[in-house]
Amino acid sequence: QLLESVQYRLTQHYIEKLRQANAVLRYNRDNSDHWFQAIERDWAQIRNWQQWAFARINDHSQCAQLCAAFGTVGATFVSVRQTAPERLKWYQQALQGAQQIADNQKELELLYLVGTTAYQTGNFEEAERCGKRLLELGRDPTDHLTLGYGWFITGNIHSYRTELEGAEAAFRKALKKKKKW
């Protein structure tokens, strides 16, 4: 019990470091060198605690929550630090965590990250599945972000298949939704 409590707090600590680094990279580049170096020093620990949380998502809802957080709080840094296949695995594991605890907001964000990263790696079936799921979850026509993400991924899939009319229609729908974000 005590050991698990310490492990949980360590995991939270590294999520917070990733969150801080991500915020600097997105909004304030002044200290970005400091944060790049800090995350590089801690990367083995971050990866370790992400795996620790993932290994326990079925046993503890708190671990599922932590696992999902690794995928969302550090997305900007992870996109710079990891190769596309590594990111895809990272985001897929985070998505499982979000789905395990029914965190709809994180699930939507992670579906987009998994879908776009799957497309980048050539895993078009996974990308298409994510795009379709986003369109299903965005049934409410006022959910512009979810629908925009879903149409964007769908447009990429049509483009890959050289279904140019389908790609154009999907991208137009994505742009229409983006204007309303």
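Above this text you will find the structure in question.
Summarised in this report is the structure supplied together with it.

### Overview of a nonpolar patch on the surface
Stage number 1. Taken together, the side chains of Leu2, Val6 and Leu10 make up a nonpolar region of the molecular surface, amounting to roughly 250 Å² of accessible area.
Stage number 2. Structurally, the position occupied by Leu2 is in helix α1 (residues 2–27).
Stage number 3. Residue class for Leu2 comes out exposed when judged on its relative accessible area of 67%.

### Things to note about the packing of helix α5 (residues 84–100) against helix α6 (residues 104–121)
Stage number 1. Two numbers describe how α5 lies on α6: the axes approach to 9 Å, and their chain directions differ by 155 degrees. For the element pair α5 / α6, the angle class is roughly antiparallel. Between α5 and α6 the crossing geometry is left-handed. Contact residues: Ala84, Pro85, Arg87, Leu88, Tyr91, Gln92, Ala94, Leu95, Ala98 and Gln99 in α5; Lys106, Glu107, Leu110, Leu111, Leu113, Val114, Thr117, Ala118, Gln120 and Thr121 in α6.
Stage number 2. Grouping the constituent residues of the contact of α5 with α6 by class yields 12 nonpolar, 5 polar and 3 charged.

### Some details on the environment of Asp33
Stage number 1. With respect to the element layout, Asp33 can be found in helix α2 (residues 32–55).
Stage number 2. Sequence spacing of Asp33 and Ala21 is 12 residues, and the spatial spacing of their C-alpha atoms is 9.9 Å.

### Regarding α1
Stage number 1. If you check α1, its first and last C-alpha atoms are 37 Å apart, about what 26 residues at 1.5 Å a residue would give, namely 38 Å.
Stage number 2. Within α1, the full set of buried residues consists of Gln7, Tyr8, Thr11, Tyr14, Ile15, Leu18, Ala21, Asn22, Val24 and Leu25.
Stage number 3. Residues of α1 that are buried sit in contact with α2, α3 (61–73), α4 (75–81) and α5.

### Here we look at the packing of helix α7 (residues 124–137) against helix α8 (residues 144–160)
Stage number 1. Between α7 and α8, whose axes approach to 8 Å, the crossing angle comes to 150 degrees. With respect to the hand of their crossing, α7 and α8 are arranged in left-handed fashion. Facing Phe124, Ala127, Glu128, Gly131, Leu134, Leu135 and Leu137 of α7, the residues of α8 in contact are Thr146, Leu147, Tyr149, Gly150, Trp151, Ile153, Thr154, Ile157 and Tyr160.
Stage number 2. Grouping the constituent residues of the contact of α7 with α8 by class yields 11 nonpolar, 4 polar and 1 charged.

### Some details on the packing of aromatic side chains
By convention here, two paired aromatic rings are described through the distance between centres and the angle between planes.
Stage number 1. Taken as a whole and assessed by the stated rule, the structure comprises 10 aromatic pairs.
Stage number 2. Ring geometry for Phe36 versus Phe77: centroids 5.5 Å apart, planes at 45 degrees, classification tilted. Of the two residues, Phe36 is situated in helix α2 and Phe77 in helix α4; the sequence distance between them amounts to 41 residues.
Stage number 3. Here Tyr112 and Phe152 contribute two aromatic rings whose centre-to-centre distance is 6.4 Å and whose plane-to-plane angle is 45 degrees, an arrangement assigned as tilted. Remark: Phe152 occurs in helix α8 and Tyr112 occurs in helix α6; sequence separation between them is 40 residues.
Stage number 4. Through successive ring pairs, a cluster of aromatic residues spans Phe36, Trp43, Phe70, Phe77 and Trp90.

### Structural notes on the environment of Ala55
Stage number 1. Positionally, Ala55 belongs in helix α2.
Stage number 2. Sequence separation of Ala55 and Gln93 is 38 residues, and the distance between their C-alpha atoms is 9.5 Å.

### Quick look at the nonpolar core
Stage number 1. In terms of nonpolar packing, the biggest core is built from 46 residues, with Leu18, Trp43, Ile46, Trp90 and Tyr91 touching the most fellow members.
Stage number 2. Trp43 has contacts with Leu18, Phe77, Val78, Arg81, Gln82 and Trp90, leaving out every residue within four places of it along the chain.

### Some details on unusual backbone geometry
Stage number 1. Even without being a glycine, Ala102 presents a positive backbone phi close to 55 degrees.
Stage number 2. Along the chain, Ala102 turns up in the loop between α5 and α6.
Stage number 3. Look at Thr162: it is not a glycine, yet its phi comes out positive at around 55 degrees.
Stage number 4. Tracing the sequence through the fold places Thr162 in the loop between α8 and α9 (164–178).

Cut-off values and rules
Residues numbered from 1 in each chain as written. Predicted model: local features only at pLDDT ≥ 70, side-chain atom pairs only at ≥ 80, totals over all residues. Heavy atoms only, no water. Patch = residues over 30% accessible without salt bridge, like charges linked within 9 Å, V, L, I, M, F, W, Y side chains within 5 Å. Areas by Shrake-Rupley, 256 points an atom, 1.4 Å probe, with all protein chains shown as cover. Salt bridge = Lys/Arg side-chain N within 4 Å of Asp/Glu carboxyl O. Helix = DSSP H or I, 4+ residues; strand = E, 2+ residues; numbered from the N terminus. Buried < 20%, exposed > 50% of the residue type's maximum accessible area, 1.4 Å probe, protein only. Axes fitted to C-alpha atoms, helices over the stretch in contact; angles between N-to-C directions. Parallel < 35°, antiparallel > 145°, perpendicular 65-115°, else oblique. Left-handed = near helix turned anticlockwise from the far one by under 90°. Contact = heavy atoms within 4.5 Å. Nonpolar A, V, L, I, M, F, W, Y, C, P; charged D, E, K, R; others polar. Expected span 1.5 Å × (residues − 1). Phe/Tyr/Trp six-rings, centres within 6.5 Å; stacked < 30°, edge-to-face > 60°. Core = buried A, V, L, I, M, F, W, Y, C linked by side-chain atoms within 4.5 Å.

In short, geometric facts, not functional conclusions.
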